[in-house]
Amino acid sequence: MVQTPTHRAQSLEASAPLLHGLGITKAFPGALALDNVDFVLKAGEVHALLGENGAGKSTLIKCLTGVHRLDGGSILLDGSAIAPRSTQDAQDHGIGTVYQEVNLLPNLTVAENLYLGRQPTRFGVVDSRKMNRDASALLAQYDLHIDVTEDLGSYSVAIQQIIAIARAVDLSGKVLILDEPTASLDAHEVRLLFDVVRRLKARGLGIVFISHFLDQVFEISDTITVLRNGQKVGTCPTEGLGRLELVAMMLGRELEEETREHGKVHANTGPVQFSFKGFGRKGRIEPFDLEIRKGEAIGIAGLLGSGRTETAETLFGIHAADSGKAMIGTTEVSLPTPRSAVLEGFGFCPEDRKVDGIIADLSIRENIILALQALRGWTKPIPRKEQNAIADKYIKALDIRTTDREKPIGQLSGGNQQKAILARWLATHPRFLILDEPTRGIDVGAHAEIIRLIEELCDQGMSLLVISSELEELTVYSHRIIVVRDRKHVAELTGKEITTAAVVDAIAGNQPAAQERAQ
Amino acid sequence: MKTRHLPFAATLVIFILAYGLCYTQFPAMLSTRVIGNLLTDNAFLGIAAVGMTFVIISGGIDLSIGSVIAFTGVFIAVMLKTTGLHPLTVFALVLAVTCLFGAAMGAVIHFLEMPPFIVTLAGMFLARGLAFVLSTDSVPISHEFYGTLQDIFWRMPGKGRLTLIGGIMLVTVGLGMLIAHRTRFGANVYALGGGQATARLMGVPIAATTVGIYALSGFLAGLSGIVFSLYTSAGYSLSAVGVELDAIAAVVIGGTLLTGGSGYIAGTLFGVFIMGLIQTYIIFDGSLSSWWTKIVIGLLLLLFILLQKGLTWASSRGFGPAHRTA
Amino acid sequence: LTVGFSQIGSESGWRAAETTLTKQQAEQRGVDLKFADAQQKQENQIKALRSFIAQGVDAILIAPVVATGWDAVLKEAKEAEIPVVLLDRMVDSDKDLYLTAVGSDLVHEGKVAGDWLVAEVKDKSCNVVELQGTTGSSPAIDRKNGFEQALAGHDNLKIIRSQTGDFTRTKGKEVMESFLKAEDGGKNICALYAHNDDMAVGAIQAIKEAGLQPGKDILVVSIDAVPDIFLALAAGEANATVELTPNMAGPAFDALDAFFKDGTQPAKFIQTESKLYTQADDPKKIYEEKKGLGY
Amino acid sequence: MTRQTSLPGLRYAPQILTLLVVLGLSASLFPGFLNVEIANGRLYGSLIDILNRGAPVALLAIGMTLVIATKGIDLSVGAVMAICGAVAAATVTTTGSALQAVALALAVGLACGLWNGVLVAVAGIQPIIATLILMVAGRGIAQLITEGTILTFTNESLVFLGSGALLSMPTPILIWITAAALAMLLVRRTALGMLIEAIGINRRASTLSGVNSGILLVCVYMIAGLCAAVAGTIAAADIKGADANNAGLWLELDAILAVVIGGTSLLGGRFTLLGSMLGAMIIQSVNTSILISGFPPEFNLVIKALIIILILLIQSPALRARLKPVRRKQGQGETSILVKP
Ligand SMILES: Nc1ncnc2c1ncn2[C@@H]1O[C@H](COP(=O)(O)OP(=O)(O)OP(=O)(O)O)[C@@H](O)[C@H]1O
Ligand SMILES: Nc1ncnc2c1ncn2[C@@H]1O[C@H](COP(=O)(O)OP(=O)(O)OP(=O)(O)O)[C@@H](O)[C@H]1O
Ligand SMILES: [Mg+2]
Ligand SMILES: [Mg+2]
């Protein structure tokens, strides 16, 4: 079928498959998302599913779990054919799934989310006390001690992610599927998750694991299946597989190995372009001082919920600052709304692209030109020709994988949506661009491209503020890193001080690593 | 107190304040008579509004309930006049019909993926049209069983009456609360309102729940129609026009979000009481012309909604760090 | 004396005039009138009655939106010893439950209109189109019945089309337009009977726009006698109207006064006159008289 | 959601087909239905009646389409019609100037839209409730102006707007077609259309992209108010009087129906004005056909309901997908998972 770089693929077929997808085919209007894909999951293995953004990973999961109707192929569970027609069906078969992007209900309590559809009942009436007790106990296994009677929506994305995992694990009798579960988790939580996964594996469950973090893949998985453009490239055991070899399988080409020095040797010494003094908002972020130079990239590091996003949102006028002042050059400006920020030449790629970023039903083209159009005003429409040119330019430059620019953006894979949002801001040629988790859910290839892009933008004189949970990456392009803890800017590292270890220390609050700011 | 309880609490506070205000102006407002009237006169609205609450929590809307109430009344009256059936049999029959009617609308909404607003709008035309076809004239009900039912009431001290239909409303609200908060079906309704796509991914039986919700709403509209026919001893095809809008207003004042996913049945009860209070106040005042009546109702509605929003907003600020608003 | 007045609503000019006159009458007699508008809903009227009772008014006037469904609340009023007077429409409750009813006989109105038409066309064959009131409302049903009674036995008169015009000018015009199209441009129509004047006024415009002469090519007869129809009568565009007086409150207050003074029981039905007006009745003058009454 | 790449003619095929079927049905029931002739210097016939009588709903549907595209709804347009009709009538009877009357009526319509828009965009009240307030109170305001009576007037220029004819075409037809054309130009020749769609699909994301969604929302409700004002003026001019009680009563429902039949989703986002205009004409054809059919009026609502259900069934993409199993691969059933919020 397709060239398999390893020769041991056949030997894997020895033990009987637990979940077997045969010739799975799925077409969307204008795109063949899965083309005759075979997928074999064995009991007691962790099977990683890899591939570029838009390769068809999520679609395969959705086909296996009854979300999508198959256009071809069949599914065997324990040797007998099943045809799940809904997620509920799949759950009844013992397949628990965490879909990409948290898919829980923000308006229900944590406990209700965990036990939706299988609440403990007494005489037909839900026994909420037992349900809440069970929920607390369940989450305790993940080291999560929260009020399970609060609405899920009041917790951060990370906590929601853990809850989603807990639910899926609890549901899965035979198979557990995790679609990018670690995208918004930090190291500690990933550890906890992997402990659980190992326990389940020992119990004989089959586990499918999707991630763009290759380190994690190598750590946890036994087998790897790679998809490219909706086709299976191959399946092979993780052991013995080289990192480069794997990347080549995913991309279909070699990724030139780049050795990068960590940290900018020289701090940026350009003219200060933006300065914020005592900027803050009650209940969101303590007042902070921040100066940004032309062509400087500032990284923001911190734990989940530490106030990184809040910093960005205050700067961009989403939750306008209630103290301090902002200066551009030497003139004072006010930033009460996002629009005012955009008019000052700011741009902001939000963290939650589904809610804050994409306009799902609009085309990729319209999504890309939206901010530019808003900037120019509604009376000055961008001519269609120019729109096409802009869209095409960025689709090419950022390598957005799509059949055509008129496709609704909601139909793109997650990573490609992220790139389109980035394109939206690049099209406005901002002076100051804020990126909140720009590489979340982005594949290795694109990851490297985005890092290169950030550096390029700095070189062109754009100022950047980048929030990322991946410290490694942050240390690569930042001229300066600001550490946030408990909604306070607590430390700053510049130039040579920037190393992953130093940042970790600062986040943890180990005094010596960096000079704590006097507050 | 949890943030999710805030809108309900706000409604409660507003109701008590408003009642107090009315009392200072018209002391007679605090008689058991007025309280009894509030229950009896709004019984049909309350029952229908419970059904509407379920629909709205699920993210839908049901515009057909006013027409279904009228249809139910005419159906009962015509059946009692032309057949020898006992009213209880007719009640069972009509409840089955309205329940099926609701279920059919739910099925169309789900399986044909049509917006509830339009499907129930067509249902609204259809139900009233059928009422016209049954009888354009208003048909009196003179069955002695109706007299018996109407004479069931508990006389409160001070001549107020707690009537059977007022009682039926309270029981309906109680059962509604039980279903909404203590059954799997109820949880599924909230889940649907929280996001249909997500609910589907979480394994909520969307089809069954959607059909169930509209069937329940149809059933309660039928029950409301029975109560209405007990209230007026007649079936009339032009009755209960616009009840759906009153019900929606009551539900919203009660703290349920029209976007779905959050709300309380108990809040709806107080929403209905507030609507009733507005009317009682206007009648007690008795000096408003026809047009000022409309304007004042509109303005009071606005006032209550703004108060509700304001109170909820003000108190949610006291609850620690900002919660994500999805 | 405090009197509660539950009015149906303000759906037409006639209704507004009735409200105005009732308020005027109350003021003249020094009565404290509590006015409640029911927005066309029976349930609101019942609520209003209950509130009046709770408030302890001395008497209640009500213009019931529909005949049925008043037993329970009238019983409550009786228990509270508050006399109730019905205005302009009847209820089919026990007569003991209210003091008296002031109104016209809706069936009779239709009959007066029909009788006029029968007399007007004599033996000629005549196709009549009918604009009904709101489907299901009692005036629509009764005025239709009365008219048909008058036509019974006169086979030269035939109702060929009958649609609802919802008592409004707009719908009256729209429906008349379609009648004209359906009946050979109106050449097939000899007379129009409208359940109220507003629809007749709308229809007259439609007839004119179709190039026919209302009042000549097509006879127009309607009910209510609102001011605007007298303009049409004066212009020769309408032929006859049957008056429904908006002053129902006068006789009602008279009856109440007598009752409170010495307990005189009035007759159970005080019928107002259903007077027929034609072009011969100096419509200009009547228009001027009626203009200020809040129609 | 229709892909933009498909042929424009194909896009409106369901609506055009429905319209033809309704007209065909009436023509078969009533042979003279399709005749159009010139009488009294103006076009005359049932088809002209449809265009003419459909004017208010068509005008309301213009504004309603835009409001619905922002994920809103405007229940108050019927009441605004009544207010503006009353204002026009009151002005013309006191000043005698038709121009002043129309100008004032339009200004009041804009003000009503402003009120709705502020409640929705600034106070954050949900559209259905925010506009319900004006729906209830608005008719009261209209009655306050007319004092419950029908305010009649005779001013020829004003009457011309309702029942006059220009080049033998009744004026209401010219007005609504012009208004629709202007609206289409406005939204498609500027970026307004796209921005409206953007805030309708994801207001938060649009705001974050620098779109001034608050002001835009207010503008859209003001356009709806303006359209209602034009409709109200025409309705008053048509009967030479302002009927505060009945003008535009329940027309908001017809307008919403027109928009939906026209192919705009009530969930907001992509909209089509042309579709809405076709929808308005479909509804008016149904109404006119019922009137001309000669059925007793108690059947009106049942017939209307059944026809609406039929139309919606014909247009339901889900049903079409179900009926054509071959094309199911491309069915839109699943897209909603990604597309819906
Ligand atoms: N509902 C849909 N309608 C149309 N096309 C779709 C739909 N869902 C997915 N696609 C297309 O199918 C392809 C595979 O998407 P999928 O989401 O499976 O990618 P993925 O491998 O999960 O990528 P990522 O790593 O970015 O999550 C993409 O080209 C995408 O555009
Ligand atoms: N442990 C927690 N318990 C309750 N609420 C939390 C917790 N952590 C975060 N939150 C809430 O979640 C919201 C979102 O925080 P968020 O996670 O965006 O902060 P952050 O510093 O930007 O981190 P990240 O970007 O990694 O998610 C915060 O406003 C906070 O109220
Ligand atoms: Mg994916
Ligand atoms: Mg964040």
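These numbers come from a predicted model, not from an experiment.

Visitor: Any details on the site of ligand 1? Residues and values, ideally.
Guide: All names here are of chain A. Around ligand 1, a shell composed of 20 residues is seen, among which Gly54, Lys57, Ser58, Thr59 and Gln411 lie nearest. Within the side chain of threonine 59, an N or O atom sits 2.5 Å from an oxygen atom of ligand 1. Side-chain polar atom of serine 413 to an oxygen atom of ligand 1: 3.0 Å apart, as the coordinates give it. With the chains in place, 94% of the 640 Å² that ligand 1 exposes on its own is no longer accessible. Only α1 (57-64) and α14 (414-426) provide two or more residues apiece to the shell around ligand 1. At three residues, the largest contribution of residues to the shell around ligand 1 is made by α1.

Visitor: Can you break down the sheet that holds strand β2 (residues 31-42) of chain A residue by residue, with the values?
Guide: Residues and elements named next belong to chain A. Read from one edge to the other, the open sheet built from four strands follows the order β2-β1-β4-β5, with strand pairing classed as antiparallel. Lying at the two open borders of the sheet, with one neighbouring strand each, are β2 and β5 (80-82). Averaged over all neighbouring strand pairs, the angle between strand axes comes to 25°, with direction disregarded. Sheet topology places strand β4 (residues 72-77) next to β5; three bridges connect them, and they run antiparallel. By the bridge assignment for β5, isoleucine 75 is matched with isoleucine 82. Packed onto the sheet, α1 meets β1 (17-28), β2 and β4 and runs at close to 115° relative to β1.

Visitor: Could you give me a rundown of the packing of helix α2 (residues 32-41) of chain B against helix α13 (residues 265-285) of chain B, with the residues and numbers involved?
Guide: All names here are of chain B. Running from N to C, α2 and α13 point in directions that differ by 125°, and their axes come no closer than 10 Å. As far as their axial angle goes, α13 and α2 are oblique. Between α2 and α13 lies a crossing whose hand is right-handed. For the pair α2 and α13, the contacting residues are Val34, Leu38 and Leu39 in the first and Phe273, Gly276, Leu277, Thr280 and Phe284 in the second. Of the residues in the contact of α2 with α13, the class split is six nonpolar, two polar and no charged.

Visitor: Got a sec to walk through the interface of chain D and chain B? Specific residues and values, please.
Guide: At the junction of the two partners, chain D supplies 47 residues and chain B supplies 43 residues. Between chain D and chain B, the buried area comes to about 4000 Å², and carbon and sulfur atoms account for 82% of it. It is D:Gln126, D:Ile129 and D:Leu301 in chain D that bury the most area against chain B; as a group they hold 13% of the surface buried on that side. Mapped by element, the contributors of at least two residues to the side of chain D that touches chain B are α6 (98-122), α7 (127-146), α13 (251-261), α15 (300-315), α16 (317-323) and α17 (335-339) of chain D. Top contributing element to the side of chain D that touches chain B by residue count: α7(D), with 12 residues. Considering only residue class, the side of chain D that touches chain B consists of 33 nonpolar, eight polar and six charged.

What counts, and where the lines are drawn
Residues numbered from 1 in each chain as written. Chains lettered and ligands numbered in written order. Predicted model: local features only at pLDDT ≥ 70, side-chain atom pairs only at ≥ 80, totals over all residues. Heavy atoms only, no water. Near = heavy atom within 4 Å. Polar contact = N/O pair within 3.5 Å; in protein donor to acceptor, adjacent residues only side chain to side chain. Areas by Shrake-Rupley, 256 points an atom, 1.4 Å probe, with all protein chains shown as cover. Helix = DSSP H or I, 4+ residues; strand = E, 2+ residues; numbered from the N terminus. Pairing = 2+ DSSP bridges. Axes fitted to C-alpha atoms, helices over the stretch in contact; angles between N-to-C directions. Contact = heavy atoms within 4.5 Å. Parallel < 35°, antiparallel > 145°, perpendicular 65-115°, else oblique. Left-handed = near helix turned anticlockwise from the far one by under 90°. Nonpolar A, V, L, I, M, F, W, Y, C, P; charged D, E, K, R; others polar. Buried area = accessible area lost by both parts, 1.4 Å probe.

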